[in-house]
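# Understanding the architecture of this molecule
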Amino acid sequence: MTAGLARLLRPRSLAFIGGEAAERAIDATRSFGFQGDMWAVNPRRQLRDVVTLASASELPEGVDAAFVGVGRHEAAEVVRELATRGTGAAVCYASGYAEIGEAGAACQRELVEAAAGMPLVGPNCYGTLSAVTGAALWPDLHGLVRAERGVAIVSQSGNIALNLTMQRRGLEITHVISLGNQAGVGLAEVFEALVADSAVTGVGLYIEAIDDIARFAASADEARRRGLPVVVLKAGASEEAEAISVSHTGSLVGSDDAYEALFRRLGARRARTVGGLLDLLGVLSVVGPLAGNRLVSLSCSGGEAALVADRGRNYQVAFPAFAPDHRDRVAATLDGRVTVTNPLDYHTFIWGDNDRLTECFTTVLNGEPGSLEAVEGAGSVGASKSVDAQRPFDAALLVLDFPAEGLDRSRWWPTLEAFGAACATSGTPGVLVASMAENLPDEARSRAADLGLAACCGFDNALAAIEAASALRCPPADALPSDTSRLPLSPRAPTSTRTLSEREAKQRLAEAGVDVPPGRLVPAGDAAAAAAEIGCPVVVKATGLAHKSDVGGVAVGLAELPEVAAAATRLGALGAGTVLVEAYIEDAVAELMVSVRSAPPVGMLLTLGAGGTLVELLDDFACLLLPTGPKAVREALRSLKFWPLLGGHRGRPSAAVDAVVEAVDCLGSLVRDDGDIIEVEVNPLLVTAQRAIAADALIVVASPPDRRPR
């Protein structure tokens, strides 16, 4: 654990400053079983039965952590006194700071100055809970119980943090930290400390923005080395959510595509719901990294089996088919009355019979040499190639919905117990899943945990968790070459910019090694001569227009010089009186769009997608952060719905994918080496069977040139 936050995460002494909020925090700490020293500060009255002082300046030196529950106008002086007394950290509960505008931001700056380097959590936050020590710098109820090991939760939203403490999923939680405005202690610093804490088995994050990308990335790499799952619920994907986040905590949310690329790069898993965050953490914490993505699903209903198979198409999981000998042994346990498939519907005629259920499930999970065919499952890019003859599946899923409270559940328990026994015998990680949250009672979760099983609600949550667990052992999808920095290239945010002309942009691209068509920028009257020099057919473009195609500013495939002259006359009148004459690329297999843009605070974002006029229509794109490598670029291209056109659809020639990868590499090098560039877009990048040519290009640069070090 980093020394800076060690006293906050495992405090042995606490101080509570304020009135009612401070008393609520005292009550929460008492009920949590904190055994350390406690003091209170209130100049007017006693707080509970705690020794109460008139001023924070009277506190003993070196108190580990303090809860500051006074208003924003008094908070800075209290924080200054705490810092002077050598307090380890302070939690500032008050709101009305940067989230309300400049007046509040000034108060926030004063607060940070008063802390003088003392770790300051907040303001505008609920505070911190430590289930390891029982400390609750938290002015409200919470649902945590004491725990020596478990997952940690970090949230920019106090209410979401509070709600997460009320979970009833059997998930052990060691720490909950509500960050608020991150004026002092930021997300990256807390994440770093938690990853280094030996009590933490995984980290869940609700975030609106990351304050220090480099520090966060380094900690995510350390979490991966330790095998700690990291699950992120990120707000701000919509314009409405971004605006709310700015008013909520003063956070600049940034591009959601950039964050998505960052999490993928770092191996962090993204949840889409609050419940999904908990389920992902719960399953990953129990099953840990899986050897592969081979999954078997067991249910007593064909409908459930079909739904699992259908939902599996959306995840990188494989449902390998049983080989004949294995299939026959499973069928024998079911009297030959069941068609053995994966997912498996084992029917209900052995329902409630523990011995027969155990025999069936154990036979399913225990293979023999040659018991598994190399058959891809729905949604899989291929089953894991590491086939353990004695354990043919990397994980097992039991679909089991329990009756409502007050009804007889006695006939359901044998199924769960048999599944637990089969998983234990075979060494197969197992997950219990109910199709609906209300059908997975607390008792079922508790019994599953006793059997060493994970439990979660909903097929999607279970499949997403198994996909994530299988990825923990693998490098991230955009794994970089060993000589490439893992740190994203810093974003650029100049105060003003200018857009280069298409001709200037292509000159820069050509100097960087990108293939561009031969061309001439000439007065409209000289266009025919330029075409004769280049060789017809040609393209003639108006100049000085932002979106030439939208106003008829491009004439393509002109094969005769009179055509060129006529087009140039018309286009010259549309624009600046000059035209750009270029060679026409006749044998394009596909049109791509390739762009790099600054995406603060994350980095420089590379986007690959369908190009030309299809950009807005198809909305088909993939994003990576720079720097990146050839393997990641190829995987991004393969993820596009547009990919079949590149691969040679219906007998058409295959596109020069190697040339595309090389063009992207040149583009990345250009952006890396030229610190003035804010955005580059090539659309279309015409891809033939041999080449990838930048047919149109836009470059935005800092104005005046920004020479800051990168």
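Quick caveat: nothing in here was measured; it's all calculated off a predicted structure.

## Section: the sheet that holds strand β1 (residues 13–18)
- Ordered in space as β3-β2-β1-β4-β5-β6, the six strands form an open sheet in which the pairing is parallel. In this open sheet, the two strands that pair with only one neighbour each are β3 (52–53) and β6 (120–121).
- Relative to strand β5 (residues 90–92), strand β4 (residues 65–69) runs parallel, the two sharing three bridges. From the neighbouring strand, Ala66 faces β5, where its bridge partner is Ala90.
- Its contacts with the sheet put helix α2 (residues 20–31) on β1, β2 (37–41) and β4, and the angle it makes with β1 is roughly 155°.

## Quick notes on the confidence of the model for the chain
- Confidence in the prediction for the chain averages 89 pLDDT; 90% of positions are at 70 or higher.
- Throughout residues 244–253 the model reports pLDDT below 50, and contacts reaching past four residues in sequence, or to other chains, amount to 34 contacts.
- Every residue in residues 369–389 scores below 50 in pLDDT, and together they form 64 contacts with partners more than four places removed in sequence or on other chains.

## Here's the deal with the pairing of β2
- Within β2, four of the five residues are buried, leaving the element largely enclosed by the surrounding structure.
- For the crossover that starts at β1, traverses α2 and ends in the parallel β2, the hand is right-handed.
- Where β2 and β3 come together, two bridges link them in parallel fashion. In the strand pairing of β3, Val41 is matched with Leu53.

## With respect to the packing of helix α11 (residues 302–312) against helix α16 (residues 459–471)
- Between α11 and α16, whose axes approach to 10 Å, the crossing angle comes to 50°. It follows that α11 is oblique to α16 by the angle criterion. In this structure, the crossing between α11 and α16 has a hand that is right-handed. Of α16, the residues touching α11 (which contributes Glu304, Leu307, Val308, Arg311 and Gly312) are Phe459, Asp460 and Leu463.

## Considering the sheet that holds strand β7 (residues 128–130)
- The strand order across the open sheet formed by seven strands is β8-β7-β10-β9-β11-β12-β13, and the pairing between neighbours is mixed. Edge positions in the open sheet fall to β8 (135–137) and β13 (269–271), since each of these has one partner strand only. In this sheet, neighbouring strand axes are inclined to one another by 15° on average, regardless of whether the strands run parallel or antiparallel.
- Direction of pairing for strand β12 (residues 230–234) relative to β13: parallel, over a ladder of three bridges. Bridge pairing in β13 places Val232 opposite Arg270.
- Lying over the sheet, helix α6 (residues 187–195) contacts β9 (150–155), β10 (173–178), β11 (200–207) and β12, oriented at roughly 165° with respect to β11.
- On top of the sheet, helix α10 (residues 274–287) reaches β9, β11, β12 and β13; it is set at about 175° to β12, its chief contact.

## Details of the nonpolar core
- Counting 60 residues, the largest nonpolar core has Phe16, Leu194, Leu205, Ile210 and Phe216 as its most contacted members.
- Counting residues per element, this core draws most heavily on α6, at seven residues.
- Residue contacts for Leu194: discarding those within four places in its chain leaves Leu9, Ala152, Val154, His175, Ile177, Val200, Val203 and Arg226.
- Ranked by size, the runner-up nonpolar core spans 52 residues in total, among them Val151, Leu164, Leu171 and Leu281.

## Focus on the pairing of β11
- Of all eight residues in β11, eight are buried; the element is thus mostly enclosed.
- Pairing analysis gives five bridges linking β11 to β12, with the strands arranged parallel. When the sheet's bridge partners are listed, Leu205 is paired in β12 with Val232.

Conventions and cut-offs
Every chain is numbered independently, its residues counted from 1 as its sequence is written. With the structure being a predicted model, the display of local features is reserved for residues of pLDDT at least 70 and the display and counting of side-chain atom pairs for 80 or more, all residues being used for whole-chain, interface and lining totals. Think of the side-chain values as coming from all heavy atoms in the structure, minus any hydrogens and water. A pair of strands is labelled paired if DSSP reports no fewer than 2 bridges between them. A run of H or I in DSSP counts as a helix once it spans at least four residues, and a run of E counts as a strand once it spans at least two, with each numbered from the N terminus. Contacts are assigned to residue pairs that have any heavy atoms within 4.5 Å of one another. All axes are obtained by fitting lines to C-alpha atoms, using only the stretch in contact for helices, and the reported angles, taken between N-to-C directions, cover 0 to 180 degrees. Values of pLDDT, which run from 0 to 100, indicate the predictor's confidence residue by residue. Type-normalised accessible area, obtained with a 1.4 Å probe on protein chains alone, sets the label of each residue: buried when under 20%, exposed when over 50%, and partly exposed for intermediate values. With the strands pointing away from the viewer, any crossover whose connection runs clockwise from the first strand over the helix to the second is right-handed. Any angle from 65 to 115 degrees is called roughly perpendicular, while one under 35 is roughly parallel, one over 145 is roughly antiparallel, and all others are oblique. Throughout, a crossing is termed right-handed when the near helix is turned clockwise from the far one, and left-handed when it is turned anticlockwise from it by less than a right angle. In this description, a nonpolar core means a group of buried Ala, Val, Leu, Ile, Met, Phe, Trp, Tyr and Cys residues linked to one another through side-chain atoms lying within 4.5 Å.

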